Amino acid sequence: MYQTRRLSILYTIMLIFSLLLVSAPEAAMSSNLPVNEKIREHYPENKFSSDTEIKTDEYGLKTEFLFSLGYRSDDFDWNIAGNTILGNYVNVLSELTWRNIEIYQVKLRNRTCFHNGFLLQGSLGYGWIFAGDNQDSDYLGINRTIEYSRSNAHTGDDNVLDASLGVGYQFRLKLDNLRITPLIGYSYHQQNFTMTDGDQTIASQYTTPAGPIAGLDSTYKAAWSGPWIGLDMKYKFNERHGVYLEIEYHWADYYAEANWNLRTDLAHPKSFEHEADGNGFIISTGLNVFLNPQWTLSLNFDYQKWSTGAGIDRVFLSNGRALETLLNEVNWKSNALMIGIIYHWQ
């Protein structure tokens, strides 16, 4: 179910994104009229006098394509409540944390602004995880006390995916070099983690012996999807330099599924799944250096913080039964430093 839903969403986003990329050239080829004639044809009331200078930047269709790459670092964790082996309820039964997840990331984005101020944008990012640390802790006491099991593992050779579509309207204030664009959209974010090279660092009668965990190859695949609202602000200091700030608030449906490959009491390939409602915000800021009218060098910093409320942890046993307990929370934080090149077409 997870794979089908994930692929369906991804294919839909990629199709719409592809259509968005070709929208600007098709719109521009629909007429051979000069920009000034296009504007006068669109406004037959003769609002423009013969000596009025009409600028393409102000009234014509304008689109830009961004390609960027850089470094990203993530932290991720979740924990569940439930009944322990001894039958006592604990508020944190098991907790999984991923720290220092290091990622190489590339990103593509298109923004098209039409003559009436209407704006379309789409982005697609992909990252390769090359390093990270994972810890799995289990407790018999409340508030993370009586830790009877702890294992540590390596996370790597995995990937992340981010896709987003948005629409808005660009306002130009009296200060001509300031642009403000309110936006709404839909986004999809995915993290795929694999745990290998495990080591049992705290052991008890309920766990495997302390030491290396042979054959560990467990996976956890998470996805956040839902609508968002945002605000995009751009300010141009002069002909060569400008800055921008983008802020987004997201509502998310969270879904994840895992395969604990060494647990013979659990089903495979889906050992358990998580469902919850969450939210997040994204802040992106940076510097643009305008090399010429067609090309811009961009340096930016992205920050993301996401979390969920209480949800469901649904466990699938090897005998075909399914059990449910409380998913307390999921947390995800991300920082990225990217450098890119922007091509302007108008």
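All of these numbers come straight from a predicted model, not from anything done at the bench. (Residues numbered from 1 in each chain as written. Predicted model: local features only at pLDDT ≥ 70, side-chain atom pairs only at ≥ 80, totals over all residues. Heavy atoms only, no water.)

1. Re a nonpolar patch on the surface
Judged by side-chain polarity, Phe67, Leu69, Leu108, Leu287, Leu291, Trp295, Leu297, Leu299, Phe301, Leu337 and Ile339 come together as a nonpolar surface patch covering roughly 960 Å² of accessible area. Those elements that place two or more of their residues in the nonpolar patch are strand S1 (62–83), strand S12 (295–308) and strand S14 (322–345). Residue contributions to the nonpolar patch peak at 4 residues, all from S12. Position of Leu337 among the secondary structure elements: in strand S14. On the accessibility criterion, Leu337 (52% relative accessible area) is exposed. (Patch = residues over 30% accessible without salt bridge, like charges linked within 9 Å, V, L, I, M, F, W, Y side chains within 5 Å. Areas by Shrake-Rupley, 256 points an atom, 1.4 Å probe, with all protein chains shown as cover. Salt bridge = Lys/Arg side-chain N within 4 Å of Asp/Glu carboxyl O. Helix = DSSP H or I, 4+ residues; strand = E, 2+ residues; numbered from the N terminus. Buried < 20%, exposed > 50% of the residue type's maximum accessible area, 1.4 Å probe, protein only.)

2. A short note on the pattern of salt bridges
Tallied over the entire structure, the rule returns 13 salt bridges. The salt bridge involving Asp265 is made with Arg263; its shortest N-O contact spans 2.8 Å. With its nearest N and O atoms 2.9 Å apart, the salt bridge here joins Arg314 to Glu324. Taken together, the residues Arg314 in strand S13 (residues 311–316) and Glu324 in strand S14 connect sequence positions 10 residues apart. Residue classification places Glu324 among the exposed residues on the basis of a relative accessible area of 54%. Because the salt bridges share partners, they merge into one network encompassing Lys270, Glu273, Glu275, Arg314 and Glu324.

3. Section: empty space enclosed by the protein
Taken as a whole, this structure holds 1 cavity of 30 Å³ or more when the rule is applied. By volume, the largest cavity amounts to about 420 Å³. Contributing to the lining of the largest cavity are 31 residues, with Lys107, Ser123, Glu248, Ile282 and Asp302 lying nearest its centre. The element that contributes the greatest number of residues to the lining of the largest cavity is strand S3 (residues 118–141), accounting for 5 residues. Looking at the lining of the largest cavity residue by residue, the class counts come to 8 nonpolar, 14 polar and 9 charged. (1 Å grid on protein atoms, 1.4 Å probe; cavity = no way out; pocket = protein on both sides within 12 Å on 5 of 7 lines; lining within 4 Å. Points joined across faces, edges and corners; volume = space filled by probe spheres on them. Nonpolar A, V, L, I, M, F, W, Y, C, P; charged D, E, K, R; others polar.)

4. A few points about the environment of Val167
Within the secondary structure, Val167 is located in strand S5 (residues 158–169). Sequence separation of Val167 and Cys113 is 54 residues, and the distance between their C-alpha atoms is 9.8 Å. Apart from residues lying up to four places away in sequence, Val167 is in contact with Phe118, Leu119, Leu120, Pro182, Leu183 and Ile184. (Contact = heavy atoms within 4.5 Å.)

5. Concerning the side chain of Glu257
For Glu257, the location among the structural elements is in strand S10 (residues 241–259). There is no salt bridge for the buried Glu257, and the closest opposite charge comes from Lys270, which lies 4.2 Å off by N-O distance. A polar contact of 3.3 Å, which involves the side chain of Glu257, links it to the side chain of Tyr255. (Lys, Arg positive; Asp, Glu negative; His and termini not counted. Polar contact = N/O pair within 3.5 Å; in protein donor to acceptor, adjacent residues only side chain to side chain.)

6. A few points about unusual backbone geometry
Of note, the bond from His268 into Pro269 is cis; its omega dihedral lies within 30 degrees of zero at 15 degrees. Within the secondary structure, Pro269 sits in the loop between S10 and strand S11 (272–290). Here Asn100, not a glycine, exhibits a phi torsion of approximately 55 degrees, which is positive. Among the structural elements, Asn100 can be located in strand S2 (residues 89–113).

7. Describing the confidence of the model for the protein
Mean pLDDT over the protein works out to 85, with 80% of the residues at or above the 70 mark. Low pLDDT, under 50, characterises residues 1–59; the stretch is placed with 68 contacts to residues that sit more than four places away or in other chains. (pLDDT = per-residue confidence, 0-100.)

8. Examining the nonpolar core
Of all hydrophobic cores here, the largest spans 32 residues; its most connected members are Phe76, Trp78, Trp98, Tyr220 and Trp260. Sorting the residues of this core by element identifies S1, S2, strand S7 (178–202), strand S9 (218–236), S10, S11 and S14 as the ones contributing at least two each. If sequence neighbours within four positions are ignored, Trp78 has contacts with Ser94, Glu95, Leu96, Trp98, Tyr220, Trp260, Phe272, His274, Leu327, Glu329 and Val330. (Core = buried A, V, L, I, M, F, W, Y, C linked by side-chain atoms within 4.5 Å.)

9. Quick notes on the pairing of S1
The pairing of S1 with S2 spans 20 bridges and is antiparallel. Among the inter-strand pairings, Ser73 is bridged to a residue of S2, identified as Glu102. Bridging between S1 and S14 involves 18 bridges; their strand directions are antiparallel. Looking at the pairing, Ile80 lines up with Leu327 of S14. (Pairing = 2+ DSSP bridges.)

10. Re the side chain of Asn192
With respect to the element layout, Asn192 can be found in strand S7. Looking at Asn192, its side chain comes within polar contact range of the side chain of Asn159, at 2.8 Å.

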